[in-house]
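Fold and contact review
Residue strings, one per chain:
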2 protein chains.
Amino acid sequence: MTVELVCVGTELLLGNIVNTNAAFLAEKCADLGLSCYYQTVVGDNEERLSETLKTALKRSDVVILSGGLGPTKDDLTKEVAAKVMGKKLHMHEPSRKRIEDFFKKRNLEATENNWKQAMMPKGAIVVDNENGTAPGVIMEEEGKKVILLPGPPNELIPMFEKGIMPYLSKKNATIYSQTVKICGVGESKAETMVKDLIDKQTNPTIAPYAKNCEVHFRVTAKAADEKEAKKLLKPVVKELKSRFENHVYTTEADTTLEKAVVDLLTANKLTVSTAESCTGGMLAGRLMNVPGVSQVYKSGYITYSNKAKRKILNVKKGSLEKKGAVSEEVAREMAKGAAMASKAEVAVAVTGIAGPDGGTEEKPVGLVYIACSVCGKIKVKKYHFSGNRAKIRETSVSSALILMRQCILEYYSEVTFGKKL
Amino acid sequence: MTVELVCVGTELLLGNIVNTNAAFLAEKCADLGLSCYYQTVVGDNEERLSETLKTALKRSDVVILSGGLGPTKDDLTKEVAAKVMGKKLHMHEPSRKRIEDFFKKRNLEATENNWKQAMMPKGAIVVDNENGTAPGVIMEEEGKKVILLPGPPNELIPMFEKGIMPYLSKKNATIYSQTVKICGVGESKAETMVKDLIDKQTNPTIAPYAKNCEVHFRVTAKAADEKEAKKLLKPVVKELKSRFENHVYTTEADTTLEKAVVDLLTANKLTVSTAESCTGGMLAGRLMNVPGVSQVYKSGYITYSNKAKRKILNVKKGSLEKKGAVSEEVAREMAKGAAMASKAEVAVAVTGIAGPDGGTEEKPVGLVYIACSVCGKIKVKKYHFSGNRAKIRETSVSSALILMRQCILEYYSEVTFGKKL
């Protein structure tokens, strides 16, 4: 089954907002095993929207439109889609009631405009919106399906997950996918290591993709039922795990690298502290993404200046003078100092040159040292990152998480990394 | 002149990456006064790409394609575009030389594939790529223009700004725009305050857009030359400034809110320190986005636990026990403690409940206190933010920057905020 996305909104055409809805919908459709060959963005314009929808219906089985379901005159996605599908609009009583309740609950009064949102195409499936007033709509006609979703992500995402995905997966063959997430192995290296598997893939398929110091392999199986699909996935996931060993940090869709690190800390009853120079709080900020991190996170120090490094982290004046703030010694002393000051078992320190200024021939922009101390055992690594200031800082944060994970694993299980790599 | 964007890449169709290139290009094209009615995403597929480009050329004057200029066989944007435009490819000697140098500099060897990137359509304008091996391409034919850009944002952005924008602005009528950036005023309030201006706008036009605690008004004038355009803009920008007074933090395109705050600190010879609980380093991280922040940033403390708040920031045990970690008192003591520990003139502290857990009826998720101390004068504000954990933290960081700005301005010039609001 093929799917096509049409995102409606002038703010997208003007570049005022980034089209995160398209990425969300595309990823979910891929998970469902739907093939997507086109995404289009159009404005709230009857003629262009109608033309775009007609073109999409010619070449795809399912067309998902997002945006333009609001109460104002500008919003015309539903009206145009109904017209293209040859369906008349009528007042949908349950939707009218929901909108009425929505406003009552908030002590607000609905305006005349709002009732427009309760007008539904005849014979359509109406999908409840738990976070707003615009219901979703599914229309079917001659094997083609048109799905209308509200534009705000906080309405679109839950509606798609709860109301649309079950519908689509029922319409499609059973698809089940699992992602094997790998860190600390470069993209091309990782792909080379599984080239033979990818080359001979049929069912399941293996799709690699790289993101910020990580490589994710999505393994997708098609089968008659979920049990069968899972059976097909199992040996492939197992093979990937065996090839990448400890570089696999999870096979759970919802587990991020920072969550894997926090889970590892929790499992080993460890607390953690951060000392940051060039990343200036971003590493701590990323750990804090994980709900419940308060159980393991002790405290963090942002020591941008030499003075702060000395005063807060007890970095030696001699090291700063002789080796410079961006050096193996200073990274080591920062980690040590953070561990001492916080009394956390794990301490990680980052010092580097994020640019655009401050680089020299000997110490160019992108040079970063990361140190990790686990119960007094300290490891320091030197990195040369490329890209602009933002990219260097982002890569530093990911690399620090990877180093933390590695150091904890090595300390607790005497794992050796990269045996096969 | 109309423009249309075609972003090429399977990773976009799979939702593996978010299409930030489209938002960047759309915004820049709007700045240039080009009208954009369509954006399309297609994969690296000859037939579909060719079809998409032909459709785009029928309805738009300029088509900008991004992605698919890499060295592998999959990358076929240039080959397809040249074919559609009826142009043959030939080896472009300066590009070949640049690619050779690119690899030499990095002590790497170019592979056979890389020379494919130096093949250029006959008669095309070749645009240098300072950050990668794929040059940009401009083709003209019968009044239509096709522009090819590399996919990676760190290559696309500088190439577009340096190589393409001057080209496009020469081809278009003179368009000049300026953005008035406002903080600390809600979106609907801000729009209401200038409704009369927007309603009667013709030239210049005023386009408002809201982003994360800020409202930006883009004022765009069309004229015969730049001088004339600037003359048209001036009174409108002046009027906006007078209506929003000190809430206007800049009219410079490149100045972010964090840069405005850092500039304000620098101008007043102030240093700053941060103490963060629920934002856990994100506020410091955002200040660190600004190159040269090292001149003003003293040190930062991430005190997630009560213990850390007491030990590092000297928050009173009594305050924590009686009022709780998320309270006006604790925010105030955190700011005071950070100022003492760092000896910075300005200290800002954030404590709140980011969720998803930890909320109570009395202190729900989204309750945040932010305190700012300027030379000992402390102001504390209470906020109720909505959204998920990430959104609450992001809004807290922006609100802290706005409060810092306000406190510094009030301290130094006895400005009163919101006089008219």
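Remember, it's a predicted structure, so these values are computed and weren't measured experimentally.

**Quick notes on the pattern of salt bridges**
Residue and element names in this part refer to chain B.
- Applying the stated criterion across every chain, the model contains 39 salt bridges over all chains.
- Between Arg218 and Asp31 there is a salt bridge whose closest N-O contact spans 2.9 Å. Highlighted residues: Arg218 in strand S11 (residues 214-223) and Asp31 in helix H2 (residues 20-31), separated in sequence by 187 residues.
- A salt bridge links Glu410 to Lys379, with the nearest nitrogen and oxygen atoms 3.2 Å apart. Taken together, the positions of Glu410 in helix H15 (residues 389-413) and Lys379 in strand S17 (residues 377-384) put the pair 31 residues apart, joining distant regions of the chain.

**Quick look at unusual backbone geometry**
- Asn203(B) connects to Pro204(B) through a cis peptide bond whose omega is 5°.
- For Pro204(B), the position within the fold is in the loop between helix H8 (195-199) and strand S10 (205-211).
- Residue Pro356(B) is bonded to the preceding Gly355(B) through a cis peptide linkage, with omega at 0°.
- Tracing the chain through its elements places Pro356(B) in the loop between strand S15 (346-352) and strand S16 (367-374).
- Although it is not a glycine, Cys375(A) sits at a positive phi angle of roughly 50°.
- By secondary structure assignment, the location of Cys375(A) is in the loop between strand S16 (367-374) and strand S17 (377-384).
- We classify Cys375(A) as partly exposed; its relative accessible area is 36%.

**As for the confidence of the model for chain A**
- Per-chain confidence: chain A averages 91 in pLDDT, with 98% of residues scoring 70 or above.
- As a predicted assembly, this complex carries a pTM of 0.74 together with an ipTM value of 0.70.

**Notes on the pairing of S10(B)**
All names here are of chain B.
- Examined bridge by bridge, S10 and S11 share seven bridges and lie antiparallel to one another. Among the inter-strand pairings, Tyr209 is bridged to a residue of S11, identified as His216.
- As consecutive antiparallel partners, S10 and S11 are separated by two residues, and within that stretch Asn212 has a phi angle of approximately 40°, a positive value.

**Observations concerning the nonpolar core**
- If you look at the biggest cluster of nonpolar residues, it comprises 82 residues, and the most contacted ones within it are Leu265(A), Tyr297(A), Val293(B) and Tyr297(B).
- Once residues within four sequence positions are removed from consideration, Val293(B) is found in contact with Tyr304(A), Arg389(A), Val262(B), Leu287(B) and Met288(B).
- Formed by 42 residues, the second largest nonpolar core is a distinct cluster that contains Val315(A), Leu320(A), Val330(B) and Val380(B).

**Remarks on the interface of chain A and chain B**
- Each side of the interface is counted separately: chain A has 55 residues, and chain B has 55 residues.
- The interface formed by chain A and chain B includes zero salt bridges.
- Joining chain A to chain B, the criterion identifies 20 residue pairs in polar contact (both at pLDDT 80 or more).
- A total of seven residues in the side of chain A that touches chain B trace back to one element, the largest contributor, which is strand S2 (residues 35-42) of chain A.
- For the side of chain A that touches chain B, the residue count by class is 28 nonpolar, 18 polar and nine charged.

**A closer look at empty space enclosed by the protein**
- Tallied over the entire structure, the rule returns four cavities of 30 Å³ or more.
- Its volume calculated, the largest cavity comes out at about 130 Å³.
- Looking at the largest cavity, it is lined by 15 residues, and the ones nearest its centre are Asn19(A), Val41(A), Asn19(B), Ala22(B) and Gln39(B).
- Put simply, the parts of the chain that give the lining of the largest cavity at least two residues each are S2 of chain A together with H2 and strand S2 (35-42) of chain B.
- Considered class by class, the residues forming the lining of the largest cavity number nine nonpolar, six polar and no charged.
- One number sums up the size of the second largest cavity: a volume of about 40 Å³.
- Around the second largest cavity, the lining residues are Gly68(B), Leu69(B), Gly70(B), Asp75(B), Lys78(B), Glu79(B), Lys116(B) and Gln117(B).
- In terms of residue class, the lining of the second largest cavity is made up of one nonpolar, three polar and four charged.

**Brief notes about the packing of aromatic side chains**
- For the structure shown, the criterion picks out twelve aromatic pairs over all chains.
- Taking 5.1 Å as the distance between ring centres and 25° as the angle between the ring planes, the aromatic pair formed by Tyr383(B) and Phe385(B) counts as stacked.
- Note on Tyr383(B): relative accessible area 13%, which makes it buried.
- Its relative accessible area of 14% is what places Phe385(B) among the buried residues.
- Geometry around Tyr38(A) places Arg59(A) over its ring, the cationic atom sitting 3.5 Å from the centre.

**Let's talk about the relation of the copies chain A and chain B**
- With an RMSD of 1.0 Å, chain A superimposes on chain B once it is rotated by 180° and translated 0.8 Å along the axis. Here the transformation between the copies is reduced to the relation of a two-fold axis.
- In this assembly the copies share their binding face: 100% of the residues contributing to the interface of chain A also contribute to that of chain B.

**Quick word on the side chain of Thr303(B)**
- Positionally, Thr303(B) belongs in the loop between strand S14 (297-302) and helix H12 (306-313).
- The residues touching Thr303(B), leaving out its near neighbours within four places in the chain, are Glu276(B), Ser277(B), Ala308(B), Lys309(B), Ile312(B), Leu313(B) and Met334(B).

**Regarding the sheet that holds S2(A)**
- Read across the sheet, twelve strands follow the order S6(A)-S7(A)-S8(A)-S3(A)-S1(A)-S2(A)-S2(B)-S1(B)-S3(B)-S8(B)-S7(B)-S6(B) without closing on themselves; strand pairing throughout is mixed. Lying at the two open borders of the sheet, with one neighbouring strand each, are strand S6 (125-127) of chain A together with strand S6 (125-127) of chain B. Averaged over all pairs of adjacent strands, the angle between strand axes in this sheet comes to 15°, irrespective of strand direction.
- Here five bridges tie strand S3 (residues 62-66) of chain B to strand S8 (residues 144-149) of chain B, and the two strands are oriented parallel to one another.

**Considering the environment of Val293(A)**
- Relative to the elements of secondary structure, Val293(A) occurs in the loop between helix H11 (282-287) and strand S14 (297-302).
- Look at Val293(A) and you get buried, because its relative accessible area is 1%.
- For Val293(A) and Glu258(A), which are 35 residues apart along the polypeptide, the C-alpha to C-alpha distance reads 9.9 Å.
- Setting aside residues up to four positions removed in sequence, Val293(A) forms contacts with Val262(A), Leu287(A), Met288(A), Tyr304(B) and Arg389(B).

**Comments concerning the pairing of strand S3 (residues 62-66) of chain A**
Residues and elements named next belong to chain A.
- Burial of S3 is extensive: five of the five residues sit out of reach of the surface.
- Where strand S1 (residues 2-8) meets S3, five bridges bridge the pair, whose relative direction is parallel. Following the sheet pairing, Cys7 is matched in S3 by Ser66.

**Let's talk about a positive patch on the surface**
- Where like charges cluster on the molecular surface, the positive patch consists of Lys307(A), Arg310(A), Lys311(A), Lys317(A) and Lys343(B).
- Ranked by residues supplied to the positive patch, first place goes to helix H12 (residues 306-313) of chain A with three residues.
- Along the polypeptide, Arg310(A) turns up in helix H12.
- Taking the relative accessible area as the measure of exposure, Arg310(A) reaches 38% and is therefore partly exposed.

Reading the values: rules and limits
Residues numbered from 1 in each chain as written. Chains lettered and ligands numbered in written order. Predicted model: local features only at pLDDT ≥ 70, side-chain atom pairs only at ≥ 80, totals over all residues. Heavy atoms only, no water. Salt bridge = Lys/Arg side-chain N within 4 Å of Asp/Glu carboxyl O. Helix = DSSP H or I, 4+ residues; strand = E, 2+ residues; numbered from the N terminus. Buried < 20%, exposed > 50% of the residue type's maximum accessible area, 1.4 Å probe, protein only. pLDDT = per-residue confidence, 0-100. Pairing = 2+ DSSP bridges. Core = buried A, V, L, I, M, F, W, Y, C linked by side-chain atoms within 4.5 Å. Contact = heavy atoms within 4.5 Å. Polar contact = N/O pair within 3.5 Å; in protein donor to acceptor, adjacent residues only side chain to side chain. Nonpolar A, V, L, I, M, F, W, Y, C, P; charged D, E, K, R; others polar. 1 Å grid on protein atoms, 1.4 Å probe; cavity = no way out; pocket = protein on both sides within 12 Å on 5 of 7 lines; lining within 4 Å. Points joined across faces, edges and corners; volume = space filled by probe spheres on them. Phe/Tyr/Trp six-rings, centres within 6.5 Å; stacked < 30°, edge-to-face > 60°. Lys NZ or Arg CZ within 6 Å of the ring centre and 35° of its normal. Least-squares fit on C-alpha atoms with pLDDT ≥ 70 in both. Axes fitted to C-alpha atoms, helices over the stretch in contact; angles between N-to-C directions. Patch = residues over 30% accessible without salt bridge, like charges linked within 9 Å, V, L, I, M, F, W, Y side chains within 5 Å. Areas by Shrake-Rupley, 256 points an atom, 1.4 Å probe, with all protein chains shown as cover. Lys, Arg positive; Asp, Glu negative; His and termini not counted. Charge placed at Lys NZ, Arg CZ, Asp CG, Glu CD.

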